[in-house]
Amino acid sequence: MTSEVPARYCPVCGSWLRVFEPFGSNPRPNALCPVCGCLERHRLVWIFFERKTSFFDGAPKSMLHIAPGKKFEKRFKQIAGLDYLSAGLTGNYMVKMDIIDIQYADNSFDVVYCSHVLEHIPDDRKAMREMHRVLKVGGWAIIMVPIRPEGTFEDPLATDPVVRKRVYGQSDHVRVYGPDIKYRLEEAGFTVMQLRPPDIVDAEGIVRFGLKENEIIFVCQKK
Ligand SMILES: [Zn+2]
C-alpha cells in the first residue's frame, strides 16, 4: 500500500497537481503552480474572492489591479462582468500610473487590488490615501505585503541596495511591514479587516491549495 499524498489544486487555473514547485531565493516548497505561474498569495486571494465575496457573480464591477504579473492579469481579464484595468509605473501594464498620483477621479472603482507593491513605495501613506480616494464608497481595496510578526521597520538612511537587502530582505524594498500596517491603512480612511488562511479555508484546504499560513489579506473598505 502506498502512502496517500494529498493532491494539490490550483484555484487560479483549475489544475490538479501532485505538488506545487519550490520557489524563492531560499526556496519554499509547494509554492509555484507549474501551470499558471501563481504563488501562495495569488491562490489565497483567488479563494478569498470565491468564498468571501461576490466577485465572481458576473455582475458588472470595475477593478484597478496595481502592478500585476502578466499571467495573473490575463486570468483576471477572463472574468465575466469585470471591467479590468492593470496599471503601474514601470512595466507592461494596460495604463501607466503612479500609485502616489493616480490619474482617475474619486469614486472610480469597485475593487482595488494591490499586492506586494507598498513595500517598494517610499510614501506609502500617500499611496494608501490615493487608493482610498479612487475607490467607490462601499468598495474595497485588497492589500497584501510581505509581513513579519515583529512590526513595521523602516530606516530612511538605508538607501543603498546592499543595505536594503540586509535590513529588509530585498534590495528594492524600502521597509518591512508588520501586522501594524493596519493602522496606516486606517489613517488613510479605510475600515480594515484582516484575514489569514485559516479564516478562509480549513487545515486540509491550506495544504491542498498550497497556502502560507502566516499570510494576511487586508480587506480595506471605504465607508
Ligand atoms: Zn495554477
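The preceding data block contains the structure.
Structural notes, computed from the coordinates. Since the structure is predicted, the reported quantities are computational estimates derived from the model, not experimental observations. Each chain has its residues counted from 1, running along the sequence as written. Local features in this predicted model are restricted to residues whose pLDDT is 70 or higher, and side-chain atom pairs enter the listing and the counts only when it is 80 or higher, whereas totals over whole chains, interfaces and linings include all residues. Excluded from the side-chain calculations are hydrogens and water; all other atoms, namely the structure's heavy atoms, are used.

1. Some thoughts on the overall build of the protein chain
Per the convention used, a helix needs a DSSP run of H or I reaching at least four residues, while a strand needs a run of E reaching at least two, with both numbered from the N terminus. In terms of regular secondary structure, the protein chain is built from seven helices and eleven strands. Note that the radius of gyration is over C-alpha atoms, with the globule rule given as 2.2 Å times the number of residues to the power 0.38. Computed over the C-alpha atoms, the radius of gyration of the protein chain is 18 Å, within 12% of the 17 Å expected from 2.2 N^0.38 for a compact globule of 223 residues. Projected onto its principal axes, the C-alpha positions of the protein chain cover 60 × 45 × 30 Å. Whether a residue is buried, partly exposed or exposed follows from its accessible area with a 1.4 Å probe, protein chains only, as a fraction of its type maximum: under 20%, in between, or over 50%, in that order. When each of the 223 residues of the protein chain is scored for burial, the buried share is 47%.

2. Notes on the nonpolar core
Take the buried residues of types Ala, Val, Leu, Ile, Met, Phe, Trp, Tyr and Cys, join any two whose side-chain atoms come within 4.5 Å, and each joined set is a nonpolar core. Counting 33 residues, the largest nonpolar core has Phe76, Ile142 and Ile217 as its most contacted members. Of all the secondary-structure elements, those providing two or more residues to this core are helix H1 (40-52), helix H2 (70-77), strand S6 (82-88), strand S8 (109-115), strand S9 (135-144) and strand S11 (217-221). Take this core: its biggest share by element is six residues, from H1. Any two residues having at least one pair of non-hydrogen atoms within 4.5 Å are treated as being in contact. Aside from chain neighbours lying at most four places away, what touches phenylalanine 76 is Trp46, Phe49, Phe55, Met63, His65, Leu82, Tyr84 and Tyr113.

3. A word on the coordination of the zinc ion
Within the protein, the zinc ion binds to Cys10 (SG), Cys13 (SG), Cys33 (SG) and Cys36 (SG); these donor distances fall in the range 2.3 Å. Keep in mind that water is not among the atoms, so a site may look incomplete; donors are the N, O and S atoms within 2.8 Å of the metal, or 3.2 Å for Na, K and Ca. Sequence spacing of the donor residues for the zinc ion, all on one chain, is C-x2-C-x19-C-x2-C. Judged by its relative accessible area of 1%, cysteine 33 falls in the buried class.

4. Some words on the environment of tyrosine 113
Residue position: tyrosine 113 is located in strand S8. Judged by relative accessible area, which is 1%, tyrosine 113 ranks as buried. Along the backbone, tyrosine 113 and leucine 82 are 31 residues apart, and their C-alpha atoms lie at a distance of 13 Å. Beyond its immediate sequence surroundings of up to four residues, tyrosine 113 is in contact with Val45, Met63, Leu64, His65, Ile66, Phe72, Phe76 and Ile142.

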